[in-house]
Amino acid sequence: MTEHELLLIPVPALLTAAALGFLLKSGRALAIAADIPNDRSLHSRPTPRIGGLVLLPAALACAAALMPAARGLLLLALALGLLSFADDRRSLPVMVRLAAHLGAAAVAAGLLLAGADGWRVALLALVIAWCANLFNFMDGADGLAGGMALFGFGAYALAAWPQQPGLAAVCGSLAAASAGFLVFNFPPARCFMGDAGSVPLGFLAAVLGLWGVRLDLWPGWFPCLVFLPFLADATITLGRRALSGERVWQAHREHYYQRLVRMGWSHRRLAGAAYALMAGCAAAALALRQASPALLWPALGVCLGGFLALLGCVDRMWRRHRSQS
């Protein structure tokens, strides 16, 4: 990738912001896909759900041009985005969505682990499918999923440069498109990302993170720490719901970020706190990549312990809120 090609990385941000601005100003956005409030929602009025429909093509077109070797994986993400847009328009059966996610994850795992044992491919496919879904679960508050994509893929891009400029460009394109989307999604949001954006972004967060591990750009813990704000909230919440016998595939308002809003936090305050955590996790991951084992593991323990302590504080606040209401 040449220096001139690097100048293309901001293009997805401009395309995304321009296209969303046009659609919102035209008055057609709600007709394309609308998020209608229900008892599980954190918003109170119908909002266009078109962010992913614009963000994804803008990012993937630029990424595919800058790194042809990634086109197979990017096409899988685009296919997931198209299926998810159909789900945004008219809810698809859970089993159809799950089969598509697992199928795309299995193909991606096979590409990443060509020649590996079947059980390794299957395990990796489950990890990728879970990441696609957890990103979707966490897309429920203004600015949250867009911010995670901006910080997460931005950290990937910084870590990949200059050893793998192509991969850095792919990740930079996704971060740039997310920044363009946030122009209209930062609280108060004028549009939402929808499944068409959140599912393929979660898929790519896992796939590109694993690709970096395969290229020896970063260790396996690096993507986990970068995306820890989403991984921890979604995984702990799902585990808690599963242990209590609830239907984990049904929509709910029990995530930590949802509880904060239900306790009175504004979407803007939540976004600010979340961005601080995202930036902190990304910075820690970048700083610790070259750390010695003697420093690395205690530092990772502090990061994880500190994050779990924050979630514990939210749990205590929630119990006090419930007892007073």
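Look up a bit, the structure's there.
This report concerns the structure included in the present document. (Residues numbered from 1 in each chain as written. Predicted model: local features only at pLDDT ≥ 70, side-chain atom pairs only at ≥ 80, totals over all residues. Heavy atoms only, no water.)

### A short note on the pattern of salt bridges
Now for step 1: Evaluated as defined, the whole model comprises eight salt bridges.
Now for step 2: In this structure, the salt-bridge partner of Arg 49 is Asp 88, at a minimum N-O distance of 3.6 Å. Linking Arg 49 in the loop between strand S2 (47-48) and helix H4 (51-66) with Asp 88 in helix H5 (residues 71-89), this pair joins segments that are 39 residues apart in sequence.
Now for step 3: For Glu 254, the salt bridge identified is with Arg 262, shortest N-O distance 3.3 Å.
Now for step 4: Taken together, the salt bridges that share partners define one network made up of Arg 240, Glu 254, Arg 259, Arg 262 and Asp 315. (Salt bridge = Lys/Arg side-chain N within 4 Å of Asp/Glu carboxyl O. Helix = DSSP H or I, 4+ residues; strand = E, 2+ residues; numbered from the N terminus.)

### Some points on empty space enclosed by the protein
Now for step 1: The full count for this structure, using the stated rule, is one cavity of 30 Å³ or more.
Now for step 2: For the largest cavity, the calculated volume is near 30 Å³.
Now for step 3: Forming the boundary of the largest cavity are Phe 137, Ala 234, Thr 237, Leu 238, Arg 241, Val 248, His 252 and His 255.
Now for step 4: A per-element tally of the lining of the largest cavity places helix H12 (residues 228-243) first, with four residues.
Now for step 5: For the lining of the largest cavity, a count of residues per class yields four nonpolar, three polar and one charged. (1 Å grid on protein atoms, 1.4 Å probe; cavity = no way out; pocket = protein on both sides within 12 Å on 5 of 7 lines; lining within 4 Å. Points joined across faces, edges and corners; volume = space filled by probe spheres on them. Nonpolar A, V, L, I, M, F, W, Y, C, P; charged D, E, K, R; others polar.)

### What to know about the side chain of Thr 237
Now for step 1: You can see Thr 237 is positioned in helix H12.
Now for step 2: Non-local contacts of Thr 237, meaning those with residues more than four positions away in its chain, are made with His 252, Glu 254, His 255 and Tyr 256. (Contact = heavy atoms within 4.5 Å.)

### Structural notes on the nonpolar core
Now for step 1: Residues Ile 128, Phe 153, Phe 203 and Leu 208 are the most contacted members of the largest nonpolar core, which totals 103 residues.
Now for step 2: Sequence-distant contacts of Phe 203, that is, excluding residues within four places in its chain, are made with Leu 73, Leu 76, Ala 77, Leu 80, Ala 104, Ala 105, Ala 108, Ile 128 and Ala 132. (Core = buried A, V, L, I, M, F, W, Y, C linked by side-chain atoms within 4.5 Å. Buried < 20%, exposed > 50% of the residue type's maximum accessible area, 1.4 Å probe, protein only.)

### Side note on the side chain of Asp 142
Now for step 1: Within the secondary structure, Asp 142 sits in the loop between helix H7 (118-137) and helix H8 (144-160).
Now for step 2: For the buried Asp 142, which has no salt bridge, the nearest side chain bearing the opposite charge is Arg 45, at an N-O separation of 7.3 Å.
Now for step 3: With residues up to four places along the chain from it excluded, the contact list for Asp 142 reads Asn 185, Pro 187, Pro 188, Ala 189, Phe 192, His 267 and Ala 271. (Lys, Arg positive; Asp, Glu negative; His and termini not counted.)

### A look at the environment of Leu 82
Now for step 1: Within the fold, Leu 82 resides in helix H5.
Now for step 2: Relative accessible area serves as the criterion here: at 55%, Leu 82 is assigned to the exposed category.
Now for step 3: Leu 82 sits 30 residues away from Gly 52 along the chain, and the two C-alpha atoms are 9.6 Å apart.

By themselves, these figures tell us nothing about what the structure is for.
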